[in-house]
Amino acid sequence: MTGIAFRPALPGAAPAAPGATAVRLPSTVTRRAFGDAVHRLAFAGATAHSVVTDPRHRLPHEVAGRLTSLIGAPAGWPGHRVLRGLFAGLGEPGPTRTHWSEPTGPADAPYDLGLALIGGLLGEVFGWTDQQDGRLVHNILPSPGQETAQVGASSTAALAWHTEDGFHSERADFLLLVCLRNPDRIGTRLASIRDIGLSGADAARLGRPQLVIDPDDSYAPDPREADHARGIRTVWGTEDARCVRYDPSYTRFLTPDPEFTRAYARLEPAFERHAVEVGLAPGDLLLIDNDVMVHGRSPFPPRYDGTDRWLKRVLVRAVGTGRPARPPQERLEHGFGQRRVRPAARPS
């Protein structure tokens, strides 16, 4: 099994955190037990939907306990964690598709199941009504015509720093990515708001509700709501527990405020200075704290021949994350008409 490639995102830059502190190495016993449990569920007809809704489609208690211990408390992560090779026993996933909408087949279905199961250990797995047809597990792969877009299906353009679904108050607390294929070790880029040395003055400026983040181009937003969005805070929390909500590619400033815009402009180069690239190998699982880390992706030339980089993603909402609560004003946001798909939610 090949290892994860951790490297500074800029030559000479210091990593946000030493790679070893972010990586957990599942034992052979744990990997085998997880793989066996996933394959048994798949054989029994389980789906990503059923493993978060049907009590019969759960991991065995002992396996769930091993994985929970391996994941650890998110408050103890350096903003992210990698479980190296956890999914390596799930088999060859089949050729990389050229669009997310191509149906899941028997070869990659175990990855959907496994990712939903891991997400369920952290909290509530959900999707979005207007993203990837409301699926709980998203395919992240390059698609023709999307090469330079600021969406997960891009390739030749770098995917800029962003908070996942930063436009929405009900965005994920945690983002999980499993690697099915990555022959060129294309880097997932990560940077923590807690590593950049944000000054108290800039934190105060960026705590003002001075901007709006619009939905990215993978959504079909309700245009009637675009002009009625509330201003949001870019950072919040205390000096030793900062959190961030950031997506400059889709940001609109609400008022001319030179101090604010200068403070905002300082974020991008600061993230670059303290960034790492994580070159995931097949079977690796990356867990990202969506309020602490911004992430992106290095550019790469797509092949469109079945061998391209292929990740799967789930989004998780959680309680008791161990970090500062999001600003209460977020509850007043309309979310641009986007609604969460919550199969595990109990009827009210």
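Residues numbered from 1 in each chain as written. Predicted model: local features only at pLDDT ≥ 70, side-chain atom pairs only at ≥ 80, totals over all residues. Heavy atoms only, no water.

1. With respect to the confidence of the model for the protein chain
Looking at the protein chain, pLDDT values average 91 and 91% of them are 70 or higher. In the model, residues 1–6 has pLDDT below 50 throughout and makes 28 contacts with residues more than four positions away in sequence or in other chains. In the predicted structure, residues 8–20 sits below a pLDDT of 50 and forms 23 contacts with residues beyond four places in sequence or in another chain. (pLDDT = per-residue confidence, 0-100. Contact = heavy atoms within 4.5 Å.)

2. Focus on empty space enclosed by the protein
All chains considered together, the criterion is met by 3 cavities of 30 Å³ or more. For the largest cavity, the calculated volume is near 80 Å³. Taken together, 12 residues form the lining of the largest cavity, with Phe 167, Ala 229, Arg 230, Glu 333 and Phe 336 sitting closest to its centre. Among the residues forming the lining of the largest cavity, the class breakdown is 7 nonpolar, 3 polar and 2 charged. When its volume is computed, the second largest cavity comes out at roughly 50 Å³. Lining the second largest cavity we find Arg 230, Gly 231, Ile 232, Arg 233, Pro 327, Gln 329, Glu 330 and Glu 333. For the lining of the second largest cavity, a count of residues per class yields 2 nonpolar, 2 polar and 4 charged. (1 Å grid on protein atoms, 1.4 Å probe; cavity = no way out; pocket = protein on both sides within 12 Å on 5 of 7 lines; lining within 4 Å. Points joined across faces, edges and corners; volume = space filled by probe spheres on them. Nonpolar A, V, L, I, M, F, W, Y, C, P; charged D, E, K, R; others polar.)

3. Quick look at the packing of aromatic side chains
Under the criterion given, the structure shown has 12 aromatic pairs. Ring plane angle 55° and centroid distance 6.2 Å describe the contact between Trp 161 and Phe 271, whose orientation is recorded as tilted. With Trp 161 in strand E6 (residues 159–162) and Phe 271 in helix H6 (residues 258–273), this pair connects stretches of sequence that are 110 residues apart. For the pair formed by Trp 161 and Phe 271, the shared burial category is buried. A centroid spacing of 5.9 Å and a plane angle of 80° characterise the contact between Phe 253 and Phe 260, whose relative ring orientation is edge-to-face. Given the relative accessible area of 1%, Phe 260 is considered buried. By the ring-pair criterion, three or more aromatic residues cluster together here, those being Trp 161, Tyr 246, Phe 253, Phe 260, Tyr 264 and Phe 271. A cation sits over an aromatic face here: Arg 323 above Phe 174, 5.6 Å from the ring centre. Across from the ring centre of Phe 126, 5.1 Å away, lies the NZ or CZ of Arg 340, which sits over that ring. (Phe/Tyr/Trp six-rings, centres within 6.5 Å; stacked < 30°, edge-to-face > 60°. Helix = DSSP H or I, 4+ residues; strand = E, 2+ residues; numbered from the N terminus. Buried < 20%, exposed > 50% of the residue type's maximum accessible area, 1.4 Å probe, protein only. Lys NZ or Arg CZ within 6 Å of the ring centre and 35° of its normal.)

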